Amino acid sequence: MDKIINQKAWFLVLPVLLVVAFSAIIPLMTVVNYSVQDILDPQTRVFVGTEWFQQVLRDPRLHDALLRQLLFSGCVLGIEIPLGIAIALSMPTRGAWVSACLVLLALPLLIPFNVVGTIWQIFGRADIGLGGAVLSWLGIDYNYTASPLDAWLTVLVMDVWHWTSLVALLCYAGLVAIPDAYYQAARIDGASRWAVFRYIQLPKMKGVLVIAVLLRFMDSFMIYAEPFVLTGGGPGNATTFLSQYLTAMAVGQFDLGPAAAFSLIYFLIILLFSWVFYTAITNMGKE
Amino acid sequence: MARIELKKLAHSYKPGASRPEDFALREMDHVWEDGKAYALLGPSGCGKTTLLNIISGLLTPSHGQILFDGKDVTRLAPQERNIAQVFQFPVIYDTMTVYDNLAFPLRNRKVDEAEVHARVTEVADMLELGGVLKKRAKGLGADAKQKISMGRGLVRSDVSAILFDEPLTVIDPHLKWLLRRKLKQVHERYALTMVYVTHDQVEAMTFADEVVVVYEGQVVQRGTPQELFEKPRHTFVGYFIGSPGMNFLPCRLDGHCALVDGQRIPLADGVAARAAGATRLELGIRPEFLQLAERPEDGTLPVLVHQVEDLGNFKIVTVQLGGRHELRVKLPEDRPVANGRAWLRFPPEWTRLYADALLVE
């Protein structure tokens, strides 16, 4: 069949193009604009080329923050994804308990980020917080404001508490969509519980798992409000993640050039990882 | 392979059910002979699938027992019963190849790989799946997927029976015929006990040695397709089997005859006497057995021809008898029929009497 050439298609793409331009491309371009200039005062600016990028890429404190960030996101995914799947698997699929479970799971998701930080900041204190008090009563020397490890664990536990529900809810949606005939066929085929999970439930959850992994990766990689409230990035730099460092650079020191260069690199890293996860999971199980 | 016996079997989804209408399946005693093919025929929601799931063990009946070769299996799980079941929608394991799908039931039972290979190859050849064994099952068409589901049942050499739950619903009409023939071949080759649930009478008639008609949770008749056609034991069977279904006319009795709107229709000898005392009487006759005449003859009743439908190889003629009752007559294609007056004969050997929906014999 001959291809029909019709240039009108461009007009149909135009609205999307405009929306994306105003919501993403133009703001991004202003950042690009900052990243190649040294702005001395509102009237004086110098073009510096890739200087800021080179400086940022060589910054050892940024390397540390990036490593911390990667470790944190790795831990978040490593805990929340299996835990979320486990919770989804153990939830009832019918009956009165379904709504109760769903409401209970959705609760942490409804709390604003900075409030979550405040809750855990108080909860973890040994003098007035329940969690901190119980831990010190058990004889564990716990102080998230002084010990880097304690601070780290607190931020991690807080994120798990806040976001595992999201993974669980997504997986649950995937699970309840599996027709009963699959489980019946598996029983007739003599499949073990593990085989049912491996060959029926996991493949059928693949779609929602892609979404869960991407959302949790992107969110944890950009985490800001909770550690800002809870630890302020401390003790020392123990919980200074990338966005903390970026904010300190851009808003605290007003180093717009390096901050812009850093933003772009940050953006590219997230894009790269998301692409890797997406391709890896969607290709999983293909020939 | 096994003889399956249902003893006083009944099932209710409600706990503590006592009234008959609470039961999805009303008490029945029933034997499925070893190596025969049965069709469970009935309308949607009549309890066919419930019965099938009880036989396979997916459902434990609330009352009664199931015996396989005399052994009570009522409380056994499906995997302990050696039974295979094919569902309405093809169930395949997405991530596996066709080969692994077929091997799955054997590997779950720790059969050694050489044996697995031999069985899978044999079944794949039988079902003409040999060419796609290495392919991923996910990308195949609905008919191939349904063949895989069937193959997973056939692959086990020790299987007692294969149960089919409307397996051809999602298959294209031209492939349905091929798959049905395949099923028939499988049955002839392995001599397995097969129970096939369907609401399609053609499917039931072509597949089965014996058709079991289920209606409102009860088995209303079992028999060969011919028996069901010629001698329906329940008005539902008459109505459900045959196209168009049996004609039914409310009637009263007068000696050896049935009275329909004051018109006398002769019955076979002795039938009228055996129906005495019934509250609701109906006369039933198949459209195929009614005879239409152009002028009055001995033993004919005057009717009015309403409508003639030409269906290609036969005609369906709708006639009106005595002002209120409509009957359908099936006639050969080449028989000319004019609208207007005609005369209808009820051959007594094909005229059935039903008392409270049950055949009077």
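Overview of the structure.

Turning our eyes to something else, we now look at the overall build of chain B. Secondary structure assignment for chain B yields nine helices and 22 strands. Across the 361 residues that make up chain B, the buried fraction comes to 52%. Taking all contacts inside chain B whose residues are at least 6 apart in sequence as the whole, residues at least 24 apart take part in 66%. Here chain B has roughly 16100 Å² of accessible surface; of this, 50% comes from carbon and sulfur atoms.

The next point concerns unusual backbone geometry. Residue and element names in this part refer to chain B. Put simply, Ser243 and Pro244 share a cis peptide bond, and its omega is -5°. Its place among the elements puts Pro244 in the loop between α8 (235-240) and β11 (247-250). In this structure, Glu128 is a non-glycine residue whose phi angle is positive, near 55°. Following the sequence through the fold, Glu128 ends up in the loop between α3 (113-126) and α4 (142-154). Glu128 sits in the exposed class, given a relative accessible area of 56%. Although it is not a glycine, Asp356 adopts a positive phi angle of roughly 50°. Here Asp356 is to be found in the loop between β21 (352-355) and β22 (358-360). Since its relative accessible area comes to 37%, Asp356 is described here as partly exposed.

The next subject is the pairing of strand β20 (residues 340-345) of chain B. Two faces, one strand: in a regular strand the side chains alternate between the faces of the sheet. All names here are of chain B. Pairing geometry for strand β16 (residues 291-293) and β20, over three bridges, is antiparallel. Pairing of Ala293 across the sheet is with Trp343, part of β20. In this sheet, β20 lies alongside strand β17 (residues 300-310) in antiparallel orientation, the contact comprising six bridges. Looking at β20, one finds that Pro302 is bridged to Trp343.

At the junction of the two partners, chain A supplies 19 residues and chain B supplies 25 residues. Summing both partners gives a buried area of about 1900 Å² for chain A against chain B, and 56% of it is carried by carbon and sulfur. Together, Arg187, Ile188 and Asp189 of chain A form the three largest contributors to the area buried by chain A at its contact with chain B, with a combined 38%. Across the contact surface, chain A and chain B share two salt bridges. Counting the contacts that link chain A with chain B gives seven residue pairs in polar contact (both at pLDDT 80 or more). At the level of secondary structure, the elements contributing two or more residues to the side of chain A that touches chain B comprise α8 (180-188) and α9 (193-221) of chain A.

Residues and elements named next belong to chain B. Two numbers describe how helix α2 (residues 98-108) lies on α3: the axes approach to 9 Å, and their chain directions differ by 130°. One finds that α2 runs oblique with respect to α3. The handedness of the crossing between α2 and α3 is right-handed. Across from Tyr99, Leu102, Ala103, Leu106 and Arg107 in α2, the residues of α3 making contact are Glu113, Val116, His117, Arg119, Val120 and Ala124. Broken down by class, the residue content of the contact of α2 with α3 amounts to seven nonpolar, one polar and three charged.

A few words now on the pattern of salt bridges. All names here are of chain B. Counting across every chain of the model gives 22 salt bridges over all chains. Across the pair Arg107 and Glu113 runs a salt bridge whose closest N-O atoms are separated by 3.0 Å. Note that Arg264 and Asp254 form a salt bridge whose closest N and O atoms lie 2.3 Å from each other. Here Asp254 lies in strand β12 (residues 252-254) and Arg264 lies in strand β14 (residues 263-266), a separation of 10 residues in the sequence.

Another aspect to go through is the sheet that holds strand β7 (residues 161-165) of chain B. All names here are of chain B. Pairing is mixed across the open sheet formed by six strands, whose spatial order is β6-β7-β8-β3-β9-β10. Of all the strands in the sheet, just β6 (83-86) and β10 (218-223) have a single pairing partner and so form its edges. Between one strand axis and the next, the sheet turns by 20° as a mean value, whatever way the strands run. With four bridges connecting them, strand β3 (residues 37-41) and strand β9 (residues 210-215) associate as parallel partners. Across the sheet, residue Leu41 finds its bridge partner in β9, namely Val213. Against the sheet, helix α1 (residues 48-56) engages β3, β6, β7, β8 (193-198) and β9, with an angle of about 155° to β7.

Residue and element names in this part refer to chain B. For helix α5 (residues 173-190), which comprises 18 residues, the first-to-last C-alpha distance of 26 Å matches the rise-based estimate of 26 Å (1.5 Å per residue) to within 8%. If you check which residues of α5 are buried, you get Leu175, Leu179, Arg180, Lys182, Leu183, Val186, His187 and Tyr190. Here the buried residues of α5 occupy an arc of 160° about the axis, which is enough to place them on one side. Projecting away from the buried face of α5 at angles above 90 degrees are the exposed residues His174, Trp177 and Glu188. The elements touched by buried residues of α5 are β3, α3, α4, β7, β8 and α6 (201-207). Of the residues trailing α5, Ala191 is marked for its positive phi of about 50°.

Rules of the game
Residues numbered from 1 in each chain as written. Chains lettered and ligands numbered in written order. Predicted model: local features only at pLDDT ≥ 70, side-chain atom pairs only at ≥ 80, totals over all residues. Heavy atoms only, no water. Helix = DSSP H or I, 4+ residues; strand = E, 2+ residues; numbered from the N terminus. Buried < 20%, exposed > 50% of the residue type's maximum accessible area, 1.4 Å probe, protein only. Contact = heavy atoms within 4.5 Å. Areas by Shrake-Rupley, 256 points an atom, 1.4 Å probe, with all protein chains shown as cover. Pairing = 2+ DSSP bridges. Buried area = accessible area lost by both parts, 1.4 Å probe. Salt bridge = Lys/Arg side-chain N within 4 Å of Asp/Glu carboxyl O. Polar contact = N/O pair within 3.5 Å; in protein donor to acceptor, adjacent residues only side chain to side chain. Axes fitted to C-alpha atoms, helices over the stretch in contact; angles between N-to-C directions. Parallel < 35°, antiparallel > 145°, perpendicular 65-115°, else oblique. Left-handed = near helix turned anticlockwise from the far one by under 90°. Nonpolar A, V, L, I, M, F, W, Y, C, P; charged D, E, K, R; others polar. Expected span 1.5 Å × (residues − 1). Arc of directions from axis to C-beta.

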